Amino acid sequence: MRTILITGGTDGIGRGLALHFLRNGDRVIAVGSTQAKGDRLLADAERLGAADRVVFHRTDLTLTRNCQELIDFVDASYPQLDALILGARHDRPFGPRLETEEGFERHLALLYLSRFVLAYGLAPALERAANPVIVSLCTPGVSAGAINWTDLNMTGKYSGFKASLQALRANDLLGVIFAEKRVGGKTRFVAYNPGVVATSMTDTLPMPVRPIAKAVFKVAAQPVDKALPPIVALVDTPPEQRFSASWKTKQVDLGKDTFDVDKAWRLFDATGQLLRTHKTGIAV
């Protein structure tokens, strides 16, 4: 029986993946922040006869201390972790800058720092599995956005769009540096772009943008069940390369500037400094 951890595992693609792997006989740790969505997943698992193979771990991954608690929970509860699917995200392109209790800009905290902490923190558990893989659901192949090297935490002039795009570009570099730093490891890191998928993401948008976005998604977005097979395939048969990126079933050229190795090392160092400055206790 494989053990698969899915952040954002109670909604959208994450929920679809959780139910697929439960049907397949795997054990699933679904991480989410909303109790009602977790209860719904648990009820569905019971109907599938999989209640003993699912755990709903309710937590707020914008806080690094909660990420560390999740790592400690996995280490104490399971002999190994076969797959880590990083899917938690919450885009807020409009409105003022929001800061977590630990002092991090919210997009950076959830979409990048949580993935950074979980990938490295869960690496030992992954390495104990036979064919481990990390699948980060992000946007490889998209060049929009840039790292704000002088103000990674975006404390100055603020744009939610720029903050979201910075976190996504940081995710591209996270995969690069994870592979660079763990050359001898078994764990494969895959950055995967599922394209536009019909999820509840548009519900977080303000009026009057929300109905427009919903109309566009209704026409252009693929349903969740259609988005699952390529992701399932990556978990079942991880690529041979230590790091790879794809947009749906098409490989993304790793020679693009968004995967620059020097930038990846620079971001790794900047991330470590940021975590130390905010006294998170996360060792890098």
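Our structure is the block above this text.
Predicted model, so just to flag it, every value in this text is computed and none were measured.

Visitor: Explain the pattern of salt bridges to me, please; I cannot follow it from the model alone.
Guide: Should the charged atoms of two oppositely charged side chains come close, the side chains can pair. Under the counting rule described, the total for this entry stands at eleven salt bridges. In this structure, the salt-bridge partner of Asp257 is Lys263, at a minimum N-O distance of 2.6 Å.

Visitor: Mind showing me how you'd approach the sheet that holds strand S3 (residues 54–58) here?
Guide: Judged by pairing direction, the sheet is mixed, and its eight strands sit side by side in the order S3-S2-S1-S4-S5-S6-S7-S8 without closing on themselves. Each edge of the open sheet is held by one strand with a lone partner, namely S3 and strand S8 (250–251). Two strands pair when backbone bridges link them, and strand S1 (residues 3–7) and strand S4 (residues 83–86) are joined in this way by four bridges, in the parallel orientation. By the bridge assignment for S4, Ile6 is matched with Ile85. Of the strands in this sheet, S1, strand S2 (27–32), S3, S4 and strand S5 (133–137) touch helix H1 (residues 12–23), which is tilted by about 165 degrees from S1.

Visitor: Help me understand unusual backbone geometry in this model?
Guide: Note: most peptide bonds trans; most residues except glycine with negative phi. Despite not being glycine, Met154 shows a phi value in the positive range, around 50 degrees. Within the secondary structure layout, Met154 lies in the loop between S5 and helix H6 (160–181). Phi at Lys248 is positive, roughly 55 degrees, even though this residue is not glycine. Structurally, Lys248 is set in the loop between strand S7 (243–247) and S8.

Visitor: Hey, could you run me through the packing of helix H4 (residues 106–121) against helix H9 (residues 261–277) in this one?
Guide: Between two packed helices, what matters for the description is the angle formed by their axes and the separation of those axes. Contact geometry of H4 with H9 gives a least axis separation of 12 Å together with a crossing angle of 100 degrees. In terms of orientation, H4 and H9 fall into the roughly perpendicular class. Every residue of H9 that contacts H4 at Leu108, Tyr112, Leu113, Phe116 and Tyr120 is listed here: Leu267, Phe268, Thr271, Leu274 and Leu275. Here the residues of the contact of H4 with H9 are counted per class, giving nine nonpolar, one polar and no charged.

Visitor: How should I be thinking about H6 in this particular structure?
Guide: One turn of an α-helix holds 3.6 residues; hence residues three or four places apart share an orientation. Along its 22 residues, H6 runs 31 Å from first to last C-alpha, staying within 8% of the 32 Å computed at 1.5 Å per residue. With 17 of its 22 residues buried, H6 lies for the most part within the structure. Between a side-chain oxygen at the N-terminus of H6 and the backbone nitrogen of Phe161 the separation is 3.3 Å; the capping residue is Ser159.

Conventions and cut-offs
- Residues numbered from 1 in each chain as written.
- Predicted model: local features only at pLDDT ≥ 70, side-chain atom pairs only at ≥ 80, totals over all residues.
- Heavy atoms only, no water.
- Salt bridge = Lys/Arg side-chain N within 4 Å of Asp/Glu carboxyl O.
- Pairing = 2+ DSSP bridges.
- Helix = DSSP H or I, 4+ residues; strand = E, 2+ residues; numbered from the N terminus.
- Contact = heavy atoms within 4.5 Å.
- Axes fitted to C-alpha atoms, helices over the stretch in contact; angles between N-to-C directions.
- Parallel < 35°, antiparallel > 145°, perpendicular 65-115°, else oblique.
- Nonpolar A, V, L, I, M, F, W, Y, C, P; charged D, E, K, R; others polar.
- Expected span 1.5 Å × (residues − 1).
- Buried < 20%, exposed > 50% of the residue type's maximum accessible area, 1.4 Å probe, protein only.
- Polar contact = N/O pair within 3.5 Å; in protein donor to acceptor, adjacent residues only side chain to side chain.

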